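# Structural features, examined
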Amino acid sequence: MSTFDTIPQTRQEALVEVLLRLADDRLILGHRLSEWAGHGPELEEDLALANIALDMIGHASALYEYAAKLDNKPDEDYFAYFRDDIDFKNIALAELPRGDFAFTIARQFLFSLFSYFLYKDLIEIVEDEQFNGMLQKHFKEIKYHLRHSREWVLRLGDGTDESKSRIQNAFDNIWMYTGEMFEIDEPFKAAIEHNLYTKVAKWQSEWRTFVNSTLTEATLTVPDYEQYMFTGARSGRHTEYLGHLLAQMQFLRRSYPDAEWK
Amino acid sequence: MDTQKQLDDFQKRIDNGEKIEPKDWMPERYRKQLIRMMSQHAHSEIVGMLPEGNWITRVPSLKRKMVLLAKVQDEAGHGLYLYSGTETLGVTRKELIEDYIYGNAKYSSIFNYPTLTYADICVIGWLVDGAAIVNQTMLAKSSYGPYARANLRICKEESFHKKQGYEMLAKMANGTPEQRKMAQDAVNRWWWPTLMMFGPHDSDSPNSAELIKWGVKTKTNDELRRHFVDRTVMEAEAIGITLPDPELSYNEETGHWDFGAIPWDEFWSVVKGDGPMNLERIKARKIAYEEGEWVRKAAKEYARKRKLEKAS
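First things first, this report covers the structure right here in the doc. (Residues numbered from 1 in each chain as written. Chains lettered and ligands numbered in written order. Predicted model: local features only at pLDDT ≥ 70, side-chain atom pairs only at ≥ 80, totals over all residues. Heavy atoms only, no water.)

## Regarding the interface of chain A and chain B
What counts here: Whether two residues are in contact is decided by their heavy atoms: any pair within 4.5 Å suffices. Summed over both partners, the accessible area (1.4 Å probe) lost when two parts come together is defined as the buried area. Salt bridge criterion: a side-chain nitrogen from Lys or Arg within 4 Å of a carboxyl oxygen from Asp or Glu.
Tallying the contact residues gives 49 residues for chain A and 47 residues for chain B. Overall, the association of chain A and chain B removes approximately 4200 Å² of surface from exposure, summing both partners, and the carbon and sulfur fraction of that is 70%. Looking only at chain A, the three residues that lose the most surface to chain B are Leu43, Trp261 and Lys262 of chain A, adding up to 16% of its buried area. Across the chain A-chain B interface, the total number found is three salt bridges. The partner of Glu44 of chain A in a salt bridge is Arg93 of chain B, with the nearest N and O atoms 2.5 Å apart.

## Focus: helix α6 (residues 118-139) of chain B
Residue and element names in this part refer to chain B. The line we're drawing: Under the DSSP-based scheme used, a helix requires at least four consecutive residues in state H or I and a strand at least two consecutive residues in state E, with every element numbered from the N terminus. By this rule, a helix spans an expected 1.5 Å times one less than how many residues it contains. Values of bend correspond, residue by residue, to the angle between axes fitted over the seven residues ending at that residue and the seven starting there. Here the term buried applies to any residue with accessible area under 20% of the maximum for its type, exposed to any over 50%, and partly exposed to those in between, with areas from a 1.4 Å probe on protein chains only.
Taking 1.5 Å per residue, 22 residues should reach 32 Å; α6 reaches 30 Å between its end C-alpha atoms and fits that length. By the largest-angle criterion, Ile124 marks the main kink of α6, which is about 35°. Within α6, 20 of the 22 residues are buried, which leaves the element mostly enclosed by the surrounding structure.

## Some remarks on the packing of helix α1 (residues 11-34) of chain A against helix α10 (residues 241-255) of chain A
Residue and element names in this part refer to chain A. As a reminder, the rule being used: Note on definitions: angles span 0 to 180 degrees between N-to-C directions of axes, and those axes are lines fitted to C-alpha atoms, for helices only across the stretch in contact. When an angle is under 35 degrees it counts as roughly parallel; over 145 it counts as roughly antiparallel; between 65 and 115 it counts as roughly perpendicular; any other value is oblique. By the convention adopted, Pro, Cys, Tyr, Trp, Phe, Met, Ile, Leu, Val and Ala count as nonpolar, Lys, Arg, Asp and Glu as charged, and the other residues, Gly among them, as polar.
Between α1 and α10, whose axes approach to 12 Å, the crossing angle comes to 75°. Between α1 and α10, the angle falls in the class roughly perpendicular. Mapping the contact onto sequence places Leu27, Ile28, His31 and Arg32 in α1 and Tyr241, Leu242, Leu245, Leu246, Gln248 and Met249 in α10. Per-class residue counts for the contact of α1 with α10 are seven nonpolar, two polar and one charged.

## Some words on the side chain of Glu45 of chain B
Residue and element names in this part refer to chain B. For clarity, the cut-off: Asp and Glu count as negative and Lys and Arg as positive, but His and the ends of the chain are not part of the count. Polar contact is the term for a pair of N or O atoms within 3.5 Å; when the atoms are in protein, one must be able to donate a hydrogen and the other to accept it, and sequence-neighboring residues count only if both atoms are side-chain atoms.
Locating Glu45 in the fold gives a position in helix α2 (residues 28-47). No salt bridge forms around the buried Glu45; measuring N to O, its nearest opposite-charge neighbour Lys71 is 7.9 Å away. Here His78 takes part through its side chain, which lies 3.3 Å from a polar atom of the side chain of Glu45. Non-local contacts of Glu45, meaning those with residues more than four positions away in its chain, are made with Glu75, His78, Gly79, Leu82, Gln136, Ile154 and Glu158.

## Details of the pattern of salt bridges
Residues and elements named next belong to chain A. Tallied over the full model, the rule gives 39 salt bridges over all chains. Of the charged contacts, one joins Lys202 and Asp121 as a salt bridge, the two residues approaching to 3.5 Å between their closest N and O atoms. Of this pair, Lys202 sits in helix α9 (residues 201-217) while Asp121 sits in helix α5 (residues 101-125), placing them 81 residues apart in sequence. Between Glu151 and Arg155 there is a salt bridge, and its shortest N-O distance comes to 3.7 Å. Taken together, the residues Glu151 and Arg155, both in helix α6 (residues 129-157) and four residues apart, mark about one turn of the helix. Connected via shared salt-bridge partners are Glu17, Arg21, Lys89 and Asp185.

By themselves, these figures tell us nothing about what the structure is for.
So, in structure tokens, the structure goes:
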């Protein structure tokens, strides 16, 4: 347990926790994707990556806005700009540096697939109308993100020798950060009690089946699921990368917090 | 060689206000001029992503971060359909891109200036996109069909960018002392380079007469610049921004604003490569292009394999 963990007691507390976890994943990964703007391997990808970054930051913003309302915070920006790294609840996979195009694609594929199965389940069980409405709206875009990254996994895997070795390396290197997608800690247990999160067992196996079939089709080797897995980021135990990301993202807003920036 | 009869017929079509389409006959020189203009325009959209991209990770609110991301995404889109439009003239995107990365092809010099504070992003929206709109509104009437249509589409999105930039700059110009300082400083730095975007004075613009004769352009550089200054003076005043030109004054006789001498030495020096960010911009594009080569190769190879599979 980390220094600041409190287990949500009420339904509302559990809801805020889930909203923030989903939002943090999306803000941080969206930030990494946004670093590609103007630097993509071809124009179509500059467009696609900026578009996906925009979707993800948009999703985060909507989730934060709802959390702010429930948690009596000023607005969505409060969560993005005025928390420190140990308060962020995103999984570490999201904060790793952008890497090469293969790394970006491997990460996006694994994450979009995680989002796909999670959202699909949540839409079935979440009773809160506003939250469910967001999930449904974002789900449509997640399907596009998944299709985009899956197509690239196939192209890179079954492209040239170089692309194959790059995307294989990317999957091998990122693998130890996939475990956090499926962790159920105390706050998530509380959320499950209130039908705000789902038991992962079912969709974890769906996720693996999909990963296995895509990587096999891409002529790639599926890394070992039983290897060491990074853990702790959901409760603030991040990699060293997050602090630098936040330093950049937050500096101006924090330098002049009383100014109007919207 | 183009015959006199062909040239006369072509000129007649232009004078009748007809649009020239890709498969129509056109003078070689017309084709060349269009390739030059359209590809420069496309390169500018792409290089223009860099100074703005410089701020995406630091925008001080989520709302404005999304606005900037959407804008940069639009620019990639503009580049994409401008390259496609240029390809209708018989060149490939690859040739065009390599021409500015390794060759001498130009892009708008405005993007060779650095974005130092967040206010620069607002000022680029207001002034740089504002100037681009003045230019592109004219080009939307261009005699070459694909270019005219591309500009029409681009203008709609640029108007939106301009509005967003101006709106945020207004907030900064009326905000805290630090915000006001950033806003004014950004305008001070971007004002003259923006005026230079319209190109040299008509008397120093060798291409202008020909482009106007062929209906590629319908107004001269100086006319467009004057139009831009006229509308921008009011906009600056409305938000309490001072334009950095003590000679700016309303001329009762002409009904236009007179402005001071444009620093043309700086213009030519930046055009020729000696600007604050020229090397950095080309370097960034070169790295992206070269580091992306394995990706483009992989996509090509994958497509080739699928085609073979289908055939067998």
